[in-house]
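Understanding the architecture of this molecule
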Amino acid sequence: MSPIHPILLCGGSGTRLWPLSRKSYPKQFSQLMGEESLFQASARRLSGPGFARPVIITGDPFRFIVTEQLAAIERDPAAILIEPEGRNTAPAVLAAALWMERSDPDALMLVAPSDHVIPDAAAFREAVAAGAPAARSGQIVTFGIRPTRPETGYGYLELKEALGAFDFKPQPLVRFVEKPDAARAADMLEAKNYLWNAGIFLFTARTIIDAFRAHAPGLFEPVSQAVKDSRSDLAFVRLASEPWREAEAISVDYAVMERADNLSVIPYDKGWSDLGGWDAVWHESGPDGEGNVCAGNATAIGCRDTLLRSESARLELVGIGLEDIVAVAMPDAVLVARKSDSQQVKDAVAVLKARRAQQAECFPVDHRPWGWFESLVLGPRFQVKRIVVQPGAALSLQSHHHRSEHWIVVEGTAKVTIDGEVKLVSENQSVYIPLGAVHRMENPGKVPMVLIEVQTGSYLGEDDIIRYEDVYARS
C-alpha cells in the first residue's frame, strides 16, 4: 500500500495570538503547548509507519526556521516549497498537488495546517487511516470535530443526520457552514448533526487537481506555471514569482470544497484545537482548580479563570484578584484583555500597524539561518545586541555604509574575518570592526557562540548590509 504524504501548511501569521505570534515569527513556530513548537508537533504526529516524509509549504522568511526545527526533531522533509508571497490556502494546496503529481498522480495527500493541537496523535493517525480507502477511491475526505461548545470562531460541516457513536467512518457531507453568530452556533450544537471544520483534508493528487480544474479553473494556469518554472535554491524549491502573483488569494474551502460533490467527513472526537485565540490556549492548557493557567514567570494570587504568561526570563508577571483576564507579557509588548474578548486581538494588531508600531509584526528576537539576535538597548546613534551563532554556522561576508561595530564574545569562540585577516576571539575578548570594513563572523566550535555587539553610527537599520558571500544564498 502506498504511503500517505503529509502536506504541512505553515505560512500564516496568527495575529489573534499577538504578542507571542507575529508576522515575522508566527504561532506555528512557538512553544505554546510544551517543549516543541506546534509545527514540530505536527510533523512528529504525521510520521511513522504508513507516512512518507512531509512536504512543507511556507514563506521565504521562515525557510530556515523550518529546516532548523525539523532537524531538531530529526525529521527530513521530502521537499520545502517556498511561496513567493502568501495567497491563502487554495494556491498552496494546488501547488503541492501538482508537485506530487510529477512523481505519482495517485499519491495520497494529507493536507494539514501546522498550528493545530491534536493531543492524541495515535487516534488521529487511526482516523486518517480510516479515511484512506475513500480518498483512494476518488473522494475528498475532510475531518470534522465534535463541537463541545457553541463556538463562533470556527466554520462548521453539516451532516445529513445526527451522529450517535463517533466512529472513524466516512459520512456524506451536506454543506460547509460559515462561522455562525452565538445563537446559530447554539442551535447547531443542539442539533447534533454539525461538526467543526478542522481544515484538514485527505485526497489523491489526481482527485484534487481534477477538482481545481472543475471548480477553480482561474487558479490552475498561474499555479501550474509557478510550479513548472520553479527552481532549486539550496534545500528549497522556489515557486516562480511572476505567475504566482496572478493567482487569486482564496482559501481552498471557498475555491473547491464548497463546490465539490465528492466529499466525505470523518467524525473525530479525541481532542483538537486550532488555537485560534488566547481563550483556546487557556482551554487547552488545562486550567487549575481555580480556572487559572500560568506560564513562565507568572503568578496568580486570588485570581479566577485567568491566563497569565510571561515570555521573558527577566520579567515577572503577577496577577492579583483578576477574573476572566488574559495577560501576556513579552519583552517589548504586553497584552491585557478579557478572556471573552480575545478574538478582538487581531483588531489591536491592525491599530498598531496603522500607527506603524514595529511590535505589530516584528518579533523581539530576530531569527536567522545562522542563529538569532535581539536588541538590548537602542539609542539615536547606538544599539546593543545579543547575538547567538549556532555551531558551524557563519554570518555573511559583509560591510556597512553607516555603522561600525564592536564585538565582545561572552560564550564560546568566534572566528572573525576583517578585511582578509582571520583571527579567533575567545570569551572575554573583543574585536573592533571599522566603518566600511569587509567582515564575517563564524562559530567554529561545537556549542552556540554568544557575543554582545555594540553598533555606533548614523543609521543602524538591518538593511545597511552589503553582502559579498553568503553560505545561505541570501541576496
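As annotated in an unreviewed UniProt entry, the chain carries the name mannose-1-phosphate guanylyltransferase and comes from Pseudaminobacter soli. According to UniProt, the comment filed for the chain under the heading Catalytic activity (unreviewed entry) is "alpha-D-mannose 1-phosphate + GTP + H(+) = GDP-alpha-D-mannose + diphosphate".

**Details of the packing of helix α1 (residues 38-45) against helix α2 (residues 63-72)**
At a minimum axis separation of 10 Å, α1 and α2 run at an interaxial angle of 55°. Classed by the angle they form, the pair α1 and α2 counts as oblique. The element α1 and its partner α2 pack so that their crossing is right-handed. Contact residues: F39, Q40 and A43 in α1; V66, Q69, L70 and A72 in α2.

**Observations regarding the packing of aromatic side chains**
The final tally for this structure, using the stated rule, is twelve aromatic pairs. Ring centres of Y25 and F363 lie 5.0 Å apart, and the angle between their planes is 35°; this geometry places the pair in the tilted category. Taken together, the residues Y25 in the loop between β1 (4-9) and α1 and F363 in the loop between α11 (345-354) and β18 (365-368) connect sequence positions 338 residues apart. Residue Y25 shares its accessibility class with F363, and that shared class is buried.

**Topic: α2**
The set of residues buried in α2 consists of R63, F64, I65, V66, Q69 and L70. Those residues of α2 that are buried lie in contact with α1, β2 (55-59), β3 (79-83), β10 (236-238) and β18. A positive backbone phi angle near 60° is found at E74, which sits one or two residues after α2.

**What about the pairing of strand β5 (residues 140-145)?**
Judged by how many residues are buried, β5 sits mostly within the fold: six of six residues are covered. Burial of the side chains of β5 extends over both faces: I140, T142 and G144 are buried on one face and V141, F143 and I145 on the other. Two elements, β5 and strand β11 (residues 263-268), share six bridges in a ladder whose sense is parallel. Considered in β11, the bridge of I145 is made with Y268. Across four bridges, the pairing between β5 and strand β8 (residues 194-204) is antiparallel. Of the residues in β8, the one forming a bridge with V141 is L202.

**Overview of the environment of A96**
Among the structural elements, A96 can be located in helix α3 (residues 89-101). Looking at A96, the relative accessible area reads 1%, which means it is buried. Separated by 36 residues in the primary sequence, A96 and A132 place their C-alpha atoms 18 Å from one another. With sequence-adjacent residues up to four places away left out, A96 is seen in contact with I7, I57, L81 and M109.

**Some words on the state of the cysteines**
Enumeration according to the criterion identifies zero disulfides in this entry. Counting only cysteine sulfurs, C294 is the nearest neighbor of C303, a cysteine outside any disulfide, at a range of 7.4 Å.

**Description of the sheet that holds strand β16 (residues 325-329)**
Whether parallel or antiparallel, the strands of a sheet pair through hydrogen bonds between backbone atoms. With mixed pairing, the four strands of this open sheet are ordered in space as β12-β14-β16-β17. Strands with a single pairing partner mark the edges of an open sheet, and in this sheet they are β12 (293-296) and β17 (334-338). If you compare each strand with its neighbour and ignore which way they point, the axes differ by 5° on average. By the bridge criterion, four bridges tie β12 to strand β14 (residues 307-310) in an arrangement that is parallel. Residue pairing for β14: G296 is matched across the bridge by S310.

**A look at the packing of helix α6 (residues 205-215) against helix α7 (residues 217-228)**
As a packed pair, α6 and α7 sit with axes 5 Å apart at the nearest point and diverge in direction by 120°. With respect to α7, the axis of α6 lies oblique. Contacts between α6 and α7 involve I209, F212, R213, A214 and H215 from the former and P217, L219 and F220 from the latter. In terms of residue class, the contact of α6 with α7 is built from six nonpolar, one polar and one charged.

**What to know about empty space enclosed by the protein**
Throughout the structure, instances matching the rule amount to three cavities of 30 Å³ or more. Considered as a void within the structure, the largest cavity measures approximately 190 Å³ in volume. Considering the residues around the largest cavity, the lining is formed by 21 residues, among which W370, L395, Q398, E462 and I465 are closest to the centre. Of all the elements in the fold, those that place two or more residues in the lining of the largest cavity are β20 (382-389), β22 (403-411), β26 (439-442) and β27 (449-457). Partitioning the lining of the largest cavity into residue classes produces seven nonpolar, five polar and nine charged. Here the second largest cavity defines a volume of roughly 60 Å³. In terms of lining, the second largest cavity is formed by R16, R149, E151, G153, Y154, D274, G276, G277, D279, A280 and Q343. Its residues assigned to classes, the lining of the second largest cavity comprises two nonpolar, four polar and five charged.

So, how was this worked out
- Residues numbered from 1 in each chain as written.
- Predicted model: local features only at pLDDT ≥ 70, side-chain atom pairs only at ≥ 80, totals over all residues.
- Heavy atoms only, no water.
- UniProt positions renumbered as here; feature names shortened; annotations may be inferred.
- Axes fitted to C-alpha atoms, helices over the stretch in contact; angles between N-to-C directions.
- Helix = DSSP H or I, 4+ residues; strand = E, 2+ residues; numbered from the N terminus.
- Parallel < 35°, antiparallel > 145°, perpendicular 65-115°, else oblique.
- Left-handed = near helix turned anticlockwise from the far one by under 90°.
- Contact = heavy atoms within 4.5 Å.
- Phe/Tyr/Trp six-rings, centres within 6.5 Å; stacked < 30°, edge-to-face > 60°.
- Buried < 20%, exposed > 50% of the residue type's maximum accessible area, 1.4 Å probe, protein only.
- Pairing = 2+ DSSP bridges.
- Disulfide = S-S within 2.5 Å.
- Nonpolar A, V, L, I, M, F, W, Y, C, P; charged D, E, K, R; others polar.
- 1 Å grid on protein atoms, 1.4 Å probe; cavity = no way out; pocket = protein on both sides within 12 Å on 5 of 7 lines; lining within 4 Å.
- Points joined across faces, edges and corners; volume = space filled by probe spheres on them.

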